[in-house]
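Chain by chain, the residues run as shown.
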Amino acid sequence: MTVHNNPPPRVLLAKLGLDGHDRGIKIIARALRDSGMEVVYLGMRVTADQVAAAAAQEDVDVVGISILSGAHMRLIPRLIDALQRHGLADDSGDGGVMLLVGGTIPDGDVEPLHQLGVNGVFPVGSFTGQMVDFIQTNLPRQIPSPVDGEG
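Residues numbered from 1 in each chain as written. Predicted model: local features only at pLDDT ≥ 70, side-chain atom pairs only at ≥ 80, totals over all residues. Heavy atoms only, no water.

**Q** Sorry if this is basic, but what is going on with the overall build of the protein chain here?
**A** Helix and strand counts for the protein chain stand at 5 helices and 5 strands. Along its sequence from the N terminus, the protein chain presents helices and strands in the succession β-α-β-α-β-α-β-α-β-α. With 151 residues in all, the protein chain has 38% of them scored as buried. Nonlocal contacts in the protein chain, meaning residues at least 24 apart in sequence, comprise 70% of its contacts between residues at least 6 apart. For the protein chain, the exposed surface amounts to about 8500 Å²; the carbon and sulfur share of it is 50%. (Helix = DSSP H or I, 4+ residues; strand = E, 2+ residues; numbered from the N terminus. Buried < 20%, exposed > 50% of the residue type's maximum accessible area, 1.4 Å probe, protein only. Contact = heavy atoms within 4.5 Å. Areas by Shrake-Rupley, 256 points an atom, 1.4 Å probe, with all protein chains shown as cover.)

As structure tokens, this is what we get:
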């Protein structure tokens, strides 16, 4: 029997825009790490281009953004554009990195964010376990095909 050991998911977390509160994202980083994921935290006040460049450089599977300022409907389209320019997202929403957004997200903005290409939205009050489960359940994993002669 051939056993495939996939590497743990690599997750990049960042505070996009001018948010100055990072306690929540640090708790999320710890929960993801404790679940076995590799976490890269860019910190606060980063730009969409910085996030996309770091996501490409770090070869991440997931980009998680925390926004408490209410600017998500302005900042997330910029991030999606930057991810596309770095080859990490496509217009159809298929392929590329998984994009998660959390923070102060009104109910009425959840569906528009999904339509933009955000895979998961986690408003304030979401549990870290929900985020871990979402990634583990929805992250597409490529299982390597057996080499000719194996299996």
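Let us keep going from here.
**Q** How do you make sense of the pairing of strand β5 (residues 120-123) when you look at a structure like this?
**A** On a regular strand, one side chain projects to one face of the sheet and the next to the other, so that they alternate. By the bridge criterion, 4 bridges tie strand β4 (residues 98-103) to β5 in an arrangement that is parallel. Bridge pairing in β5 places Val101 opposite Val121. (Pairing = 2+ DSSP bridges.)

**Q** It is not clear to me how the packing of helix α1 (residues 23-34) against helix α5 (residues 128-138) should be interpreted in this structure. Could you clarify?
**A** α5 packs onto α1 with a crossing angle of 50 degrees between their chain directions and a minimal axis gap of 9 Å. As judged from the angle between their axes, α1 and α5 are oblique. The handedness of the crossing between α1 and α5 is right-handed. The segment α1 lies against α5, with Ile27, Ile28, Ala31 and Leu32 engaging Thr128, Met131, Val132 and Ile135. Of the residues assigned to the contact of α1 with α5, the class counts are 7 nonpolar, 1 polar and no charged. (Axes fitted to C-alpha atoms, helices over the stretch in contact; angles between N-to-C directions. Parallel < 35°, antiparallel > 145°, perpendicular 65-115°, else oblique. Left-handed = near helix turned anticlockwise from the far one by under 90°. Nonpolar A, V, L, I, M, F, W, Y, C, P; charged D, E, K, R; others polar.)

**Q** Any chance you could explain the packing of aromatic side chains here in plain terms?
**A** The relative placement of two aromatic rings is captured by the distance of their centres and the angle of their planes. A complete count under the given rule lists 1 aromatic pair for this structure. Ring centres 5.6 Å apart and planes at 85 degrees place the aromatic pair Phe122 and Phe134 in the edge-to-face group. Remark: Phe134 occurs in helix α5 and Phe122 occurs in strand β5; sequence separation between them is 12 residues. (Phe/Tyr/Trp six-rings, centres within 6.5 Å; stacked < 30°, edge-to-face > 60°.)

**Q** I tried to follow the sheet that holds strand β2 (residues 38-41) on my own but got confused; where do I start?
**A** Whether parallel or antiparallel, the strands of a sheet pair through hydrogen bonds between backbone atoms. With respect to topology, 5 strands assemble into an open sheet ordered β2-β1-β3-β4-β5, the strand pairing being parallel. Here the strands that pair on one side only, and so sit at the sheet edges, are β2 and β5. Strand after strand, the sheet turns through a mean of 20 degrees between neighbouring axes, direction not considered. Looking at chain direction, strand β1 (residues 10-15) and strand β3 (residues 62-67) are connected through 5 bridges and run parallel. Bridge assignment links Leu13 to a residue of β3, and that residue is Gly64. Against the sheet, α1 engages β1, β2 and β3, with an angle of about 175 degrees to β1. Helix-sheet contacts for helix α2 (residues 48-58) involve β1, β2 and β3, and the interaxial angle to β1 is about 160 degrees.

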